[in-house]
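Report on the structure
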Amino acid sequence: MLNNEILASFWRINKAINKLIKQDADRLGITVVQLKAIYIINLNPNISLGELAEKMMLTNSTVSGVIERLVHSGLAERIVPPEDRRSVFIDLTDKGRTMVEQIVSSESRLVKKLNEILEMPEEEISYLLRLHQIVLTKLSSEEE
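Now for a look at the structure at hand. Since we're looking at a predicted model, the values are computed, not measured. (Residues numbered from 1 in each chain as written. Predicted model: local features only at pLDDT ≥ 70, side-chain atom pairs only at ≥ 80, totals over all residues. Heavy atoms only, no water.)

Closest axis-to-axis distance for the helix H3 (residues 49-56)/helix H4 (residues 60-72) pair is 9 Å, and the angle between their directions is 105°. One way to sum up the angle between H3 and H4 is to call them roughly perpendicular. Between H3 and H4, the residues in contact are Leu49, Gly50, Leu52, Ala53 and Met56 and Asn60, Val63, Ser64 and Ile67, respectively. Residues belonging to the contact of H3 with H4 are distributed by class as follows: six nonpolar, three polar and no charged. (Axes fitted to C-alpha atoms, helices over the stretch in contact; angles between N-to-C directions. Helix = DSSP H or I, 4+ residues; strand = E, 2+ residues; numbered from the N terminus. Parallel < 35°, antiparallel > 145°, perpendicular 65-115°, else oblique. Contact = heavy atoms within 4.5 Å. Nonpolar A, V, L, I, M, F, W, Y, C, P; charged D, E, K, R; others polar.)

What follows is the structure, given as structure tokens:
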């Protein structure tokens, strides 16, 4: 019985977060995956495709398609360093950075809701994060 309650709780939280992210993406006229990519690129300028894929928990080929669409729409750019023509890094354009400002603006329902969570006492947030880490560790550990 408790197993179902724990799973249901995580599913409800995940669904609520995804709904808020989708509302922000729709408001900006991009997809949820594009919004996540833009956000991660903003936090990690000049990120490699592989690193971005890892942070997004997606395959390189999937992220490559996302980047292609972001480049085509003028939100991101591929940077090839002259000293290593085999390397490709991704960064945001000015248009992409402007979109990030819109993502984190007060218009973002997700940001508003996260700010409400941040109003909780710091010790409660720390406890929540510790519990999440324990759960993640248990869920990620290999069976012996």
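The strand order E1-E3-E2 describes an open sheet built from three strands, whose pairing is antiparallel. The sheet terminates laterally at strand E1 (47-48) and strand E2 (76-79), the two strands that pair on one side only. Bridge count between E1 and strand E3 (residues 89-92): two bridges; the pairing is antiparallel. Bridge assignment links serine 48 to a residue of E3, and that residue is phenylalanine 89. The sheet strands contacting H4 are E2 and E3, and the helix crosses E2 at an angle near 115°. (Pairing = 2+ DSSP bridges.)

Remember that the coordinates give geometry; whether it matters functionally is a separate question.
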